[in-house]
Amino acid sequence: MDTNYKYEDDLAVELVNYAKDFDPYEYNDAYDNDDRAFEDMKKSLFSKDGIEVLIESLCNDIHYFASENDLSNKDISDLSKRAYNLLTKLNQYSKTLEKQEDKEMDM
């Protein structure tokens, strides 16, 4: 698969940072260090199923933010914006992967 590894690394780092900020307790329960979290996120970026799980998780987070009573809370507002931006990036990335897979299948 001929993908842009720098972009994938950056996206994985963004996802790790978001997960850590969104729910630090769950993050710490799941990972002993950031390197492991990064490797897991990056691994997810190499499969359609992994990307779908990430997208679904972000959609759930956005739904959670939308149901909050205090949307004027800066932390909630910032996390909501980050989740939406990551969702957009994952959607675009997923489309790029599909195009690459289609090209490989045509060869």
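Nothing here was measured: the structure is a model prediction, and the numbers come from that model.

Participant: Explain the packing of aromatic side chains here, please?
Facilitator: Any two aromatic rings considered together are summarised by their centre-to-centre distance and by the angle between their planes. On inspection of all chains with the given rule, the structure shows 6 aromatic pairs. Relative to Tyr64, the ring of Phe22 lies with its centre 6.1 Å away and its plane at 85 degrees, an arrangement referred to as edge-to-face. Of the two residues, Phe22 is situated in helix α1 (residues 5-22) and Tyr64 in helix α4 (residues 48-67); the sequence distance between them amounts to 42 residues. Cluster of aromatic residues (ring-pair linked, three or more members): Tyr18, Phe22, Tyr64 and Phe65.

Participant: Got a minute to help me understand the pattern of salt bridges in this structure?
Facilitator: For side chains bearing opposite charge, pairing can occur when the charged atoms are close. The tally for this structure, following the rule as stated, stands at 7 salt bridges. Its salt-bridge partner being Asp34, residue Lys20 comes within 2.9 Å of it at the nearest N-O pair. Of this pair, Lys20 sits in helix α1 while Asp34 sits in helix α3 (residues 34-44), placing them 14 residues apart in sequence. Taking the shortest distance from any N to any O, the salt bridge between Arg36 and Asp32 comes out at 3.0 Å. Taking the relative accessible area as the measure of exposure, Arg36 reaches 42% and is therefore partly exposed. Judged by its relative accessible area of 63%, Asp32 is exposed.

Participant: Hey, could you run me through the nonpolar core in this one?
Facilitator: The tendency in soluble globular proteins is for nonpolar side chains to be buried as a group. Counting 23 residues, the largest nonpolar core has Leu11, Leu15, Tyr18, Leu45, Leu58 and Leu90 as the members making the most contacts within it. Among the secondary structure elements, those contributing two or more residues to this core are α1, α3, α4 and α5 (74-106). Top contributing element to this core by residue count: α5, with 8 residues. The contact partners of Leu45, leaving out residues within four places of it in the chain, are Glu8, Leu11, Ala12, Leu15, Ile51, Leu54, Leu90, Tyr93 and Leu97.

Rules of the game
- Residues numbered from 1 in each chain as written.
- Predicted model: local features only at pLDDT ≥ 70, side-chain atom pairs only at ≥ 80, totals over all residues.
- Heavy atoms only, no water.
- Phe/Tyr/Trp six-rings, centres within 6.5 Å; stacked < 30°, edge-to-face > 60°.
- Helix = DSSP H or I, 4+ residues; strand = E, 2+ residues; numbered from the N terminus.
- Salt bridge = Lys/Arg side-chain N within 4 Å of Asp/Glu carboxyl O.
- Buried < 20%, exposed > 50% of the residue type's maximum accessible area, 1.4 Å probe, protein only.
- Core = buried A, V, L, I, M, F, W, Y, C linked by side-chain atoms within 4.5 Å.
- Contact = heavy atoms within 4.5 Å.

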